[in-house]
Amino acid sequence: GITFASGYLAGVVCATVSHLADSVISLMGKPANEGKSIGTIALETGSAALATKGLSTYVLMIGTLTGMCASYSVQDS
């Protein structure tokens, strides 16, 4: 229980920290944004949307994967 919760919390922190950059990189790959700077993409999308759109799914995915990760389970053995 504690091992999974610790891993999950670590995953939530990692997902929250990396989500903004991952969102920008995903938007840079879209054909509509070809040739645009990161600043332009951020202004057009809006900082709130960049920071929150899809975050809950990302947190659920990364948090769960990190919580179940073998590295956290092995240390508990």
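Whatever comes next refers back to the structure up there.
The following paragraphs examine the structure supplied in this document. Note that the coordinates shown come from a computational prediction; the quantities given were computed from them, not determined experimentally. (Residues numbered from 1 in each chain as written. Predicted model: local features only at pLDDT ≥ 70, side-chain atom pairs only at ≥ 80, totals over all residues. Heavy atoms only, no water.)

1. Some remarks on the overall build of the protein chain
When helices and strands are tallied, the protein chain shows five helices and zero strands. Shown N-terminal to C-terminal, the secondary structure of the protein chain runs as helices and strands in the order α-α-α-α-α. Residue burial in the protein chain is summarised as follows: out of 77 residues, 22% are buried. Across the protein chain, contacts joining residues at least 24 apart in sequence account for 77% of those joining residues at least 6 apart. (Helix = DSSP H or I, 4+ residues; strand = E, 2+ residues; numbered from the N terminus. Buried < 20%, exposed > 50% of the residue type's maximum accessible area, 1.4 Å probe, protein only. Contact = heavy atoms within 4.5 Å.)

2. Let's talk about the packing of helix α1 (residues 2-28) against helix α2 (residues 38-45)
Direction vectors running N to C along α1 and α2 enclose 100 degrees, while the axes themselves pass 10 Å from each other. By the angle between their axes, α1 is roughly perpendicular relative to α2. Along the contact surface, α1 presents Val24, Leu27 and Met28, while α2 presents Ile38, Ile41 and Thr45. Residue classes in the contact of α1 with α2 are distributed as five nonpolar, one polar and no charged. (Axes fitted to C-alpha atoms, helices over the stretch in contact; angles between N-to-C directions. Parallel < 35°, antiparallel > 145°, perpendicular 65-115°, else oblique. Nonpolar A, V, L, I, M, F, W, Y, C, P; charged D, E, K, R; others polar.)

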